[in-house]
Structure formats: C-alpha cells, structure tokens
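# Breakdown of the fold
Below are the chains, spelled out letter by letter.
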Amino acid sequence: VVLIDVIKLRLYEMGITQSKLAEMIGLSNARVREILNGKSEPSLKIGREISKKLTIDPAIVLGV
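Residues numbered from 1 in each chain as written. Predicted model: local features only at pLDDT ≥ 70, side-chain atom pairs only at ≥ 80, totals over all residues. Heavy atoms only, no water.

## A closer look at the overall build of the chain
Secondary structure summary: the chain contains 5 helices and 0 strands in total. Sequence-ordered secondary structure for the chain, helices as α and strands as β, is α-α-α-α-α. In terms of overall dimensions, the chain has a C-alpha envelope of 25 × 25 × 20 Å along the principal axes. Counting every position in the chain, which comprises 64 residues, the buried fraction comes to 36%. Sequence separation of at least 24 residues holds for 47% of the intrachain contacts in the chain that already meet a minimum separation of 6. The distance from the centre of the 10 positive side-chain charges to the centre of the 7 negative ones in the chain is 5 Å. (Helix = DSSP H or I, 4+ residues; strand = E, 2+ residues; numbered from the N terminus. Buried < 20%, exposed > 50% of the residue type's maximum accessible area, 1.4 Å probe, protein only. Contact = heavy atoms within 4.5 Å. Lys, Arg positive; Asp, Glu negative; His and termini not counted. Charge placed at Lys NZ, Arg CZ, Asp CG, Glu CD.)

See below:
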C-alpha cells in the first residue's frame, strides 16, 4: 500500500481538497503538494496529523 495513494483516495472520499488538507494539518499548500507528489516524506508529527484528520490507520501512514 502506497501512502500517497491512500491519502489521495481519502481526500477524494471525504471531498477534501489539497488546500483544505494543508489548512487542517497546519502546512503550506506547497509542502502538502510535495508530500502528495512523492517529493518528500511527512514528518512523524505530520504523519500523525494526517492519520487523525483523514482517519487512516496509523500503521499505513507510518509505514509499519
């Protein structure tokens, strides 16, 4: 399971835009874009926020 695909699917399912996700987790749009394009990995703290806000299993977000 690829984290980026899971995040994108949840955004679609929940009707949340990339900009809204950025606002929800306290990041810039540019930083969220980098994560969703696979150019950078989310920090542990950001990974936890994404997991909570999008109700994604933490094991998937943390790559466990």
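Structure's up, so let's keep going.
## With respect to the packing of helix 2 (residues 18–25) against helix 3 (residues 29–36)
Orientation of helix 2 relative to helix 3, taken along the N-to-C sense of each, is 110°, at an axis distance of 9 Å. Classed by the angle they form, the pair helix 2 and helix 3 counts as roughly perpendicular. For the element pair helix 2 and helix 3, the recorded crossing hand is right-handed. Here Gln18, Ser19, Leu21, Ala22 and Ile25 of helix 2 lie close against helix 3, whose contacting residues are Asn29, Val32, Arg33 and Leu36. Split into classes, the residues belonging to the contact of helix 2 with helix 3 amount to 5 nonpolar, 3 polar and 1 charged. (Axes fitted to C-alpha atoms, helices over the stretch in contact; angles between N-to-C directions. Parallel < 35°, antiparallel > 145°, perpendicular 65-115°, else oblique. Left-handed = near helix turned anticlockwise from the far one by under 90°. Nonpolar A, V, L, I, M, F, W, Y, C, P; charged D, E, K, R; others polar.)

## Concerning the nonpolar core
Counting residues in each nonpolar core, the largest one holds 17 residues, and the members touching the most others are Ile7, Leu21 and Leu54. When residues of this core are traced back to their parent elements, those giving at least two are helix 1 (3–14), helix 2, helix 3 and helix 4 (44–53). Tallying contributions element by element places helix 1 first for this core, with 4 residues. (Core = buried A, V, L, I, M, F, W, Y, C linked by side-chain atoms within 4.5 Å.)

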